[in-house]
Amino acid sequence: MTVTHRSVLPAYDGSIRIELSNRPVPFHISRCYPGTLSEAECRKFSLASCRLACMSLDVVRGRTPPQRLQQALSGACVQRLETMSYLLENHLRTHPELKAKLCYLPAIPMLVYTTLVSPDITETVVSLSVGQSTYWVTLVFRRSGSRWICTTADLG
C-alpha cells in the first residue's frame, strides 16, 4: 500500500466594509491550485465582486444603465442582463407588490464566497439582501491579459 501526501491548499477569511452595509461583510476565498494571494488582494477582489454583484442587480432592476458595466463584463454578459431587465420590467407591470419589494430598496451585500478555480478562472457567489429578501449572484471571471472580465452574472 502506498501512502501519498496531500497538501492542503490555503483559504482566506476576512471581512470588508461596504458603503451600504452597517456591518462588515465576511468573505471566504478558497483555491483549487497552488499559489498565494496577499490579504490586500483578497480584500480587493471581494470588494470588487460585491460592487459588481450590486451593480448587476441594479441593471436588472432598471436602476443602473448597462453601459456602466461594459468594462467589467463581457458583451454577451451585458446583453443577458439587459434581456433579464426587459423581462423583469414586463413582469413587474402586472405585479406592483413585487416591484415595491424588489426595485426601491438598496441591495446590501451579506456574504462573499470565492473559489479560485485556476489561474485564469474565478467563481464568486455574493449574497445580497433587498429588504426582507435574499438574492444570490454568481459571477464567473476569466482573465483576459492582465484584467479579469466577468463572463457570467447569474442572479436569483
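Now for a look at the structure at hand.

What counts and how
Residues numbered from 1 in each chain as written. Predicted model: local features only at pLDDT ≥ 70, side-chain atom pairs only at ≥ 80, totals over all residues. Heavy atoms only, no water. Core = buried A, V, L, I, M, F, W, Y, C linked by side-chain atoms within 4.5 Å. Buried < 20%, exposed > 50% of the residue type's maximum accessible area, 1.4 Å probe, protein only. Helix = DSSP H or I, 4+ residues; strand = E, 2+ residues; numbered from the N terminus. Contact = heavy atoms within 4.5 Å. Phe/Tyr/Trp six-rings, centres within 6.5 Å; stacked < 30°, edge-to-face > 60°. 1 Å grid on protein atoms, 1.4 Å probe; cavity = no way out; pocket = protein on both sides within 12 Å on 5 of 7 lines; lining within 4 Å. Points joined across faces, edges and corners; volume = space filled by probe spheres on them. Nonpolar A, V, L, I, M, F, W, Y, C, P; charged D, E, K, R; others polar. Axes fitted to C-alpha atoms, helices over the stretch in contact; angles between N-to-C directions. Parallel < 35°, antiparallel > 145°, perpendicular 65-115°, else oblique.

Remarks on the nonpolar core
Then, in step 1: Judged by nonpolar contacts, the single largest core of 38 residues is most densely connected at L73, L81, L128, L139 and C150.
Then, in step 2: The element contributing the most residues to this core is helix α1 (residues 39-60), with nine residues.
Then, in step 3: Those residues within four positions of L81 in sequence are excluded, and the remaining contacts are S56, V59, V60, L69, L73, A153 and L155.

Topic: the packing of aromatic side chains
Think of a pair of aromatic rings as described by two things: how far the centres are apart, and how the planes are tilted against each other in angle.
Then, in step 1: Considering all chains together, one arrives at two aromatic pairs under this definition.
Then, in step 2: Between F45 and F141, the ring centres sit 5.2 Å apart and the planes meet at 70°, which makes this aromatic pair edge-to-face. In this pair, F45 sits in helix α1 while F141 sits in strand β5 (residues 133-144), placing the two residues 96 residues apart along the sequence.
Then, in step 3: In this structure F141 comes out as buried when scored by relative accessible area, which is 6%.
Then, in step 4: Here F45 and W148 contribute two aromatic rings whose centre-to-centre distance is 6.0 Å and whose plane-to-plane angle is 80°, an arrangement assigned as edge-to-face. Here the residue F45 occupies a position in helix α1, and W148 occupies one in strand β6 (residues 147-155), the gap between them amounting to 103 residues.
Then, in step 5: When its relative accessible area of 26% is taken as the criterion, W148 is described as partly exposed.

Some remarks on the layout of surface pockets
Then, in step 1: Within this model, the largest pocket holds a volume of roughly 310 Å³.
Then, in step 2: As for the largest pocket, its lining consists of 15 residues, of which L37, E41, F45, R143 and W148 are closest to the centre.
Then, in step 3: At four residues, α1 tops the list of elements feeding residues into the lining of the largest pocket.
Then, in step 4: Within the lining of the largest pocket, the residues separate by chemical class into eight nonpolar, three polar and four charged.
Then, in step 5: Taken as a whole, the second largest pocket spans an internal volume of roughly 190 Å³.
Then, in step 6: Forming the boundary of the second largest pocket are 13 residues, of which L20, C54, M55, D58 and A107 lie nearest the centre.
Then, in step 7: Ranked by residue count, the leading element in the lining of the second largest pocket is α1, at five residues.
Then, in step 8: Looking at the lining of the second largest pocket residue by residue, the class counts come to eight nonpolar, no polar and five charged.

Quick notes on the packing of helix α2 (residues 75-93) against helix α3 (residues 96-103)
Then, in step 1: Relative to each other, α2 and α3 sit at 130°, their axes nearing to 7 Å. Classed by the angle they form, the pair α2 and α3 counts as oblique. Two secondary-structure elements touch here, α2 through L88, H91 and L92 and α3 through P96, L98, K99, L102 and C103.
Then, in step 2: Class assignment for the residues of the contact of α2 with α3 results in six nonpolar, one polar and one charged.

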